[in-house]
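# What the coordinates show
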Amino acid sequence: VDPTPDFVRAVARWHSLPTSEDRIIGAIDTHRSRRPILEALRAVPLPFLEGCPEPATALTWIEQRGTR
Amino acid sequence: MSDLADATAVELLERYADGSASPVDAVTACLERIEAVEPAVNAVVTLLGEEALGQARQAEERWRRGEARALEGVPYGLKDIVATAGILTTGGSSLYRDSVPTEDAALAARLHEAGGILLAKLHTFEFACGGAVNRTFGICRNPWDVERTTGGSSSGSGAAVAAGEVPIAVGTDTGGSIRIPAAYCGITGIKPTYGRVPRHGVMGLSWTMDHAGPMTRSVRDAALALEVMAGHDPRDATCSARPVPDLVAACEQDVAGMVVGRPRGWFEDRMHPQVAAVFEASLSQMAELGVTIVDVVLADLPLVDAAGWTIIYAEMVSLHETFLPMLEDRDAMGARLLADGSFVSARDYLRAVRYRSVFQAELQEAFAGVDALAVPGATTIAPPLDTMCCDVGGEEVDWLAVATRTHVPFNLSGSPGLCVPIGFVDGLPASLQLVGRPHDEATLFALGSAYQRTTGHHRRRPPVVSSVPD
């Protein structure tokens, strides 16, 4: 389900992005090519309860020299 | 005197100590080298010759009085996104062409307080993301072949160190920007652990992926410089409070008995065949040092890479929001990344940030029983400037995705990565990256230094230096 240029233009306007027509087309190409891997990333289960990863979880792992 | 321009920082300090050379000699040698190679290389944005000579005379006094500090009289350069009080800091951009900060970046102040002599502010891809063609400051060229890129974004740091303009330069690294130019320019470069070096005063690109670190001509110099730059600074909220160990001493540690994991797969599956052969040989040389190389598994690297890039896109757009109306004034690669990044959803960004912990857990398992990982510092040689495409074995591909694939995962995890030169393909450098546990740069320095004690790749000088008249 690729976004149409009109849809992306509307998103750009909604966010007040000063994006030219060439940039719109380029962004669609980029996100079309990234979509399969992003869908795979979205499919990775992330815990809701125990072990729920938050940004600070990663910082703690670093500070504890790669252990939890 | 010009041979001093090819000396490492440690060698300079030894010569200052025994009186066979002085800081004025070294600064003069570097200035002569800069004058000779800059027309071909273009690594310097702002030259600070007079100021540096004045500081060199003060450094000589300190040596005479027995008050020399860790880097007393050693010339260095800073990527021009690192703030320097009273000195132009352009970000490599026309937007900051006349910008003069009033305060040093934390790391710049530390190098100064350790007696280092700032000789030049160095070329960078615009705001560390603009691409090899900098419309404001021109193209920085690879000293090994001036028709090829240095890689980036720490382009000037890589070229200046390789060409003998300075023995130490500081780079920054969000997706390989220290390690890629280190690999392409045949020098040593370390992206330290996230939070090891304070980012205060360094122009940001992606705050959870940004790191600063030294680029040098030897592992010992990298250890020396990092020891000075590292340590807590309250002005960077993510800066670690951990004490900095004796990293120079770590360079002498015996590595026999250490185990290095080789993750293969993603890291090695898109390689120039001759670069792959050189990489293989470097692992054999490691084994001859008594290091055991074992295969380890890191299975989800395509997801890791996607998460890393999602974060870079989103955080870059946030940090550079002010510049969005001037998008078309930006250099090509930066403009494209900003435009594309504007359409990353908050949901994808937050998932990528949370996925970071999933990868860290996978990395923790891979590190069970090993001291470090070994992956290519670059899977190809530096691409030509006119195509910016890399040969990965019969196929030419755009450089950015290939160059960053062995680096972005460790920006995401926050792990330290040390690149060392390991040989040459068609006269261009190849590189090995050693990756460590967080806050264990010491093991990487031990391994890298042991490797450099028995090999001479890091001592080979590029053609642009050979053409300098005596």
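Look up: the structure comes first, before these words.
Note that the coordinates shown come from a computational prediction; the quantities given were computed from them, not determined experimentally.

### Notes on the overall build of chain B
A tally of regular secondary structure across chain B gives 16 helices and 17 strands. Its C-alpha radius of gyration of 20 Å places chain B within 12% of the 23 Å reference for a compact globule of 470 residues. Its C-alpha atoms give chain B principal-axis dimensions of about 55 × 55 × 45 Å. Counting over 470 residues, chain B shows a buried share of 67%. Expressed as a percentage of contacts within chain B between residues at least 6 apart in sequence, the contacts between residues at least 24 apart total 79%.

### Remarks on unusual backbone geometry
Residue and element names in this part refer to chain B. In this model, G152 is joined to S153 through a cis peptide bond whose omega is 20°. One non-glycine residue, R264, lies in the positive phi region at around 45°. When you line up the elements, R264 lands in the loop between β11 (259-262) and α9 (273-288).

### What about the state of the cysteines?
The tally for this structure, following the rule as stated, stands at zero disulfides over all chains. Sulfur of B:C140: no disulfide; nearest cysteine sulfur belongs to B:C185 and is 7.2 Å away.

### Overview of the nonpolar core
All names here are of chain B. If you look at the biggest cluster of nonpolar residues, it comprises 180 residues, and the most contacted ones within it are L78, L107, L111, W399, L432, F445 and L447. The element best represented in this core is helix α10 (residues 301-319), accounting for eleven residues. Those residues in contact with F445 that lie beyond four places of it in its chain are I190, V219, A222, A223, L226, L247, A250, C251 and L418.

### Some remarks on the packing of aromatic side chains
All names here are of chain B. All chains considered together, the criterion is met by eight aromatic pairs over all chains. Taking the centre distance of 4.9 Å and the plane angle of 45° together, the rings of W144 and F424 count as tilted. Of this pair, W144 sits in the loop between β6 (141-142) and β7 (145-149) while F424 sits in strand β16 (residues 417-425), placing them 280 residues apart in sequence. Both residues of the pair, W144 and F424, count as buried. Ring geometry for F267 versus F410: centroids 5.7 Å apart, planes at 10°, classification stacked. Here the residue F267 occupies a position in the loop between β11 and α9, and F410 occupies one in helix α14 (residues 408-413), the gap between them amounting to 143 residues. Comparing F267 with F410, the two get one shared label, buried. Counting every residue linked through ring pairs, the aromatic cluster contains Y96, F127 and F323. Sitting above the plane of the W266 ring, R405 keeps its charged end 3.7 Å from the centroid.

### A word on the sheet that holds strand β8 (residues 168-173) of chain B
All names here are of chain B. Strand order in the open sheet formed by eleven strands is β1-β3-β2-β8-β10-β9-β16-β17-β13-β11-β12, and the pairing between neighbours is mixed. The open sheet has two edge strands, β1 (44-47) and β12 (292-295), and neither has a second partner. Adjacent strand axes in the sheet meet at a mean angle of 30° when their direction is disregarded. Sitting on the sheet, helix α5 (residues 155-162) is in contact with β2 (75-79), β3 (117-122), β8 and β10 (211-216), with an inclination near 155° to β8. Helix-sheet contacts for α9 involve β11, β12, β13 (372-376), β16 and β17 (428-435), and the interaxial angle to β16 is about 115°.

### Side note on helix α2 (residues 21-42) of chain A
Its maximal kink placed at A:R35, α2(A) deviates by approximately 50°, while the proline A:P36 follows within four residues. Three or more residues of α2(A) are buried, namely A:I24, A:A27, A:I28, A:T30, A:H31, A:R34, A:L38 and A:L41. Buried positions along α2(A) lie against α1 (5-14) of chain A together with α10, α11 (332-341) and α12 (346-366) of chain B.

Thresholds applied
- All residue numbers refer to positions counted from 1 along the written sequence of the respective chain.
- Labels follow written order: the first chain is A, the first ligand is 1, and so on.
- Whole-chain, interface and lining totals are the exception, using all residues; otherwise, since this is a predicted model, local features are given only for residues with pLDDT of at least 70 and side-chain atom pairs are given and counted only at 80 or more.
- With hydrogens and water stripped out, all remaining heavy atoms of the structure feed into the side-chain values.
- Runs of E in the DSSP output that reach at least two residues are strands. Runs of H or I that reach at least four are helices, and both are numbered from the N terminus.
- Restricting the calculation to C-alpha atoms gives the radius of gyration, and the globule rule supplies 2.2 Å times the number of residues raised to the power 0.38.
- Exposure classes here rest on a 1.4 Å probe applied to the protein chains alone. A residue is buried below 20% of its type maximum, exposed above 50%, and partly exposed in between.
- In this analysis, two residues are considered to be in contact whenever any of their non-hydrogen atoms come within 4.5 Å of each other.
- Disulfide assignment relies on a single distance test, namely cysteine sulfur atoms paired within 2.5 Å.
- The term nonpolar core refers to a set of buried residues drawn from Ala, Val, Leu, Ile, Met, Phe, Trp, Tyr and Cys, joined through side-chain atoms within 4.5 Å.
- Any Phe, Tyr or Trp ring, taking Trp's six-membered ring, that has another such ring centre within 6.5 Å forms a pair; planes under 30 degrees apart are called stacked, those over 60 apart edge-to-face, and the others tilted.
- Lysine and arginine charges are scored as sitting over a ring when NZ or CZ, respectively, is within 6 Å of the ring centre and within 35 degrees of the ring normal.
- Being paired, for any two strands, means DSSP has found at least two bridges between them.
- For helices, the fitted axis covers only the stretch in contact; all axes are lines through C-alpha atoms, and the angles between them, taken along N-to-C directions, range from 0 to 180 degrees.
- Values of bend correspond, residue by residue, to the angle between axes fitted over the seven residues ending at that residue and the seven starting there.

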